[in-house]
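Architecture at a glance
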Amino acid sequence: MSTTSNSPASRLFLVAAACLALTGCAEETKGATEPPATAPTAAPATQAPAPIRAEPTSPDAARPVEVLRVSARKVRGDAELTRMAGPALLARAEAPIAIEVQTQEPLGSLERSSSPEIYLNGERVGDTWAVPPDRLFVFLPDAKSLKDANEVTVAWLGNEAQTRSTRPATLTRQMLP
């Protein structure tokens, strides 16, 4: 009698092989009793998707973002504005300024692929920082590009036509720091 055939490893191998064989047979039997899949004879009734409730100030709501007030502030000397403006702007700017806009309603959730942007005289002038719930900032290297009176609007990027402010605010040279 050989000692190899009586080892515990051989018995475990035989049990595992038997279990695998039985499992395979059970799967084949199960598959054989099911009818073959055929193409449906009639198309299933189409269901309209449930309407998505958009936040009142989200770009999906297609409502204008109205401006409550606009102001201009010096960046240097203000720790929060200095941090937001960043070292690149501060390195090349003589007298950087921040244009601050407060919206009439809270901006809602800012965790999306779109963002609210500040426009001066119809042009997007740079990246806008949104500070919940209702403040926006854009940074300029100086006031040289500004006119005596500047029209300030806000719109959600990618949906400007439907979300642009309908009542622009005015930023004048007298308001500059």
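Anything mentioned here points back to the structure above.
Structural notes, computed from the coordinates. Predicted, not measured: the structure shown is a model, and the values here were computed from it.

**Quick word on the packing of aromatic side chains**
Enumeration according to the criterion identifies one aromatic pair in this entry. Arranged with centres 6.5 Å apart and planes meeting at 15°, the rings of Phe137 and Phe139 form a pair that is stacked. Side by side, Phe137 and Phe139 carry an identical accessibility label, which is buried. Over the aromatic face of Tyr119 sits the side chain of Arg164, whose NZ or CZ is 4.1 Å from the ring centroid.

**Here we look at the sheet that holds strand β2 (residues 97-103)**
The four strands lie next to each other as β1-β2-β6-β5, forming an open sheet whose pairing is antiparallel. The open sheet terminates on both sides in strands that have one partner only, identified here as β1 (67-74) and β5 (128-131). On average, each strand axis in the sheet is inclined to that of its neighbour by 20°, with strand direction left out of account. Summarising the sheet, β1 and β2 pair through seven bridges and their orientation is antiparallel. For Ala72, the partnering residue across the bridge sits in β2 and is Ile99. Against the sheet, helix α2 (residues 79-92) touches β1, β2, β5 and β6 (135-140), its axis set at about 35° to β6.

**Here we look at the nonpolar core**
In this structure, Ile99, Val101 and Leu171 are the most contacted members of the largest nonpolar core, which totals 20 residues. Elements supplying a minimum of two residues to this core: β1, β2, β3 (116-120), β6, β7 (149-156) and β8 (169-172). Filtering out sequence-adjacent residues up to four positions away, Leu171 remains in contact with Val70, Ser71, Ala72, Ile99, Leu146, Asp148, Ala149, Asn150, Val152 and Leu176.

**A short note on the environment of Asn150**
Along the chain, Asn150 falls in strand β7. Taking C-alpha positions, Asn150 is 6.3 Å from Leu120, a pair spaced 30 residues apart along the chain. Those residues in contact with Asn150 that sit more than four places away from it in its chain are Asn121, Ala169, Thr170 and Leu171. Polar contacts involving the side chain of Asn150 include one to the main-chain carbonyl oxygen of Lys147, which spans 2.8 Å.

What counts and what doesn't
Residues numbered from 1 in each chain as written. Predicted model: local features only at pLDDT ≥ 70, side-chain atom pairs only at ≥ 80, totals over all residues. Heavy atoms only, no water. Phe/Tyr/Trp six-rings, centres within 6.5 Å; stacked < 30°, edge-to-face > 60°. Buried < 20%, exposed > 50% of the residue type's maximum accessible area, 1.4 Å probe, protein only. Lys NZ or Arg CZ within 6 Å of the ring centre and 35° of its normal. Pairing = 2+ DSSP bridges. Helix = DSSP H or I, 4+ residues; strand = E, 2+ residues; numbered from the N terminus. Axes fitted to C-alpha atoms, helices over the stretch in contact; angles between N-to-C directions. Contact = heavy atoms within 4.5 Å. Core = buried A, V, L, I, M, F, W, Y, C linked by side-chain atoms within 4.5 Å. Polar contact = N/O pair within 3.5 Å; in protein donor to acceptor, adjacent residues only side chain to side chain.

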